[in-house]
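# Structural characterization, general
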Amino acid sequence: MAAVSDRLPAFPWDKLEPYKATAAAHADGIVDLSVGTPVDPVPELIQRALVGAADSPGYPTVWGTPALRDAITGWVRGRLGASAAGHRNVLPVVGSKELVAWLPTQLGLGAGDKVAYPRLAYPTYEVGARLCGAEAVVYDDPTELDPAGVKLLWLNSPSNPTGKVLSKEELIRIVAWAREHGILLFSDECYLELGWEAEPVSVLHDEVCGGSYEGIVSVHSLSKRSNLAGYRAAFIAGDAAVLGELLEIRKHGGMMTPAPVQAATVAALGDDAHVEEQRVRYAARRAALRAALEAHGFRVEHSEASLYLWVTRDEPCWDTVAHLAGLGILVAPGDFYGEAGARFVRVAFTATDERVEAAVKRLAG
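Reading guide: rules and limits
- Residues numbered from 1 in each chain as written.
- Predicted model: local features only at pLDDT ≥ 70, side-chain atom pairs only at ≥ 80, totals over all residues.
- Heavy atoms only, no water.
- Salt bridge = Lys/Arg side-chain N within 4 Å of Asp/Glu carboxyl O.
- Helix = DSSP H or I, 4+ residues; strand = E, 2+ residues; numbered from the N terminus.
- Buried < 20%, exposed > 50% of the residue type's maximum accessible area, 1.4 Å probe, protein only.
- Axes fitted to C-alpha atoms, helices over the stretch in contact; angles between N-to-C directions.
- Left-handed = near helix turned anticlockwise from the far one by under 90°.
- Contact = heavy atoms within 4.5 Å.
- Nonpolar A, V, L, I, M, F, W, Y, C, P; charged D, E, K, R; others polar.
- Polar contact = N/O pair within 3.5 Å; in protein donor to acceptor, adjacent residues only side chain to side chain.
- Phe/Tyr/Trp six-rings, centres within 6.5 Å; stacked < 30°, edge-to-face > 60°.

According to the stated counting rule, one finds 24 salt bridges in the structure shown. Linking Glu-193 and Arg-79 is a salt bridge whose minimum nitrogen-to-oxygen distance equals 3.4 Å. Separated by 114 residues along the polypeptide, Glu-193 in the loop between strand S6 (184-188) and helix H7 (206-209) and Arg-79 in helix H3 (residues 66-80) bring together distant segments of the chain. Residue class for Arg-79 comes out partly exposed when judged on its relative accessible area of 29%. Measuring nitrogen to oxygen at the nearest pair gives 2.8 Å for the salt bridge that ties Glu-354 to Arg-355. On the basis of relative accessible area, Glu-354 is assigned to the partly exposed category, the value being 44%. Judged by its relative accessible area of 14%, Arg-355 falls in the buried class.

The structure is reproduced here in structure tokens:
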């Protein structure tokens, strides 16, 4: 039996292990700015909701409780400007990475089909294409793609890794192009609430999609905005026909968000205060690291949103990784996200205040 893993690229983070060991040997310990995992506490109101739903002996539903669907649709209307969203336009998922990786398979894509995504992108878009045997295609501007055979188009705004934000006008143009060619558009908007020098807009915004969700779906996660990476709390919103098909498939696959996590998601989406508190923390860390990196000789490109700084010293990215590892700082090499990132590194500002301060001091030394 052929191993499915043979279709996949080498897991990129394994290549970073030697540099992680170098950084960990620093006398003051490692400052890990590579993966970008949240480190701040889960807000208490969310923890209380999780604990309050801990006595959940029965199976949860794939579509989620009515309370969860109410919370998601309310957030989608209020935060994304999707005024017509209803229960049939939302679907909880077990973390956004699971959705990205298995979406092409669940859509029935395979050999002869194409999955398109940005030239610099989260590696799981390519993984999803490879898992189902489809062809992975990269783009700089999706409207310049040959639409023949393209069955799934990924947008990612704000971008991981670059932090680039697509403007409302760009989104309007891309949505129109995808609809013209009958291409299903999925927009990964997991960093939408983390705009710094730009205000990210959803493809579901009334002014972008014209109030119709035909052919478009947006992907959202609570991992970063609510520190819930460990909860695997996420959802998709948009075209009711597409979501209805995915719901049926996911019922058969048992892809259920645990009941306590559903309750925690309701609490998280119903409270804006903790989101703003976390934004303030990240803004301070971002400002400190950006100033320190620029003073150290780095140039920052894009980075107007998300949880990362996309930086370069105009040298091969692995040379930069090695240099920073020598200072006890671990970052992600840009080529993890595509060949176009070969002279950049991605610096996450998700470490604690103490670790960020340590990195700033080392960069100044």
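Following the structure, the description resumes.
This next bit is on the packing of helix H4 (residues 96-106) against helix H5 (residues 124-132). Close contact between H4 and H5 brings their axes to 7 Å; oriented N to C, the two are set at 35°. Regarding H4 and H5, the two cross each other, and that crossing is right-handed. Only Thr-124, Tyr-125, Gly-128, Ala-129, Leu-131 and Cys-132 of H5 make contact with H4, whose side of the interface consists of Lys-97, Val-100, Ala-101, Trp-102, Pro-104 and Thr-105. Of the residues in the contact of H4 with H5, the class split is eight nonpolar, three polar and one charged.

As a further point, take the side chain of Arg-285. Mapped onto the elements of the fold, Arg-285 is located in helix H10 (residues 273-295). The exposure class of Arg-285 is buried, given its relative accessible area of 4%. Contact partners of Arg-285, with chain neighbours within four places excluded, come to Asp-40, Gln-278, Phe-349, Thr-350, Ala-351, Thr-352, Asp-353 and Val-356.

Looking at where Arg-225 falls in the secondary structure, it is placed in the loop between strand S7 (216-221) and strand S8 (234-238). At a separation of 2.9 Å, a polar atom in the side chain of Arg-225 contacts the side chain of Ser-226. With residues up to four places along the chain from it excluded, the contact list for Arg-225 reads Trp-75, Glu-193, Ala-268, Leu-269, His-274, Val-275 and Gln-278.

Counted according to the given criterion, the structure contains 14 aromatic pairs. With a centroid separation of 5.2 Å and an interplanar angle of 40°, the aromatic rings of Tyr-19 and Trp-318 are classed as tilted. With Tyr-19 in helix H1 (residues 17-24) and Trp-318 in helix H11 (residues 317-326), this residue pair connects regions lying 299 residues apart in the sequence. Its relative accessible area of 23% is what places Tyr-19 among the partly exposed residues. What makes Trp-318 buried here is its relative accessible area of 19%. Taken together, a centroid distance of 6.4 Å and an interplanar angle of 80° make the contact between Trp-310 and Tyr-337 edge-to-face.

Each turn of an α-helix holds 3.6 residues, which means side chains three or four residues apart point in the same direction. Along H5, seven of the nine residues are buried, which leaves the element largely enclosed by surrounding structure. The complete set of buried residues in H5 reads Thr-124, Tyr-125, Val-127, Gly-128, Ala-129, Leu-131 and Cys-132. Among the structural elements, H4, strand S3 (114-118), strand S4 (135-139), strand S5 (150-156) and S6 are those in contact with the buried residues of H5. Among the residues trailing H5, Gly-133 stands out with phi positive, at a value near 85°.

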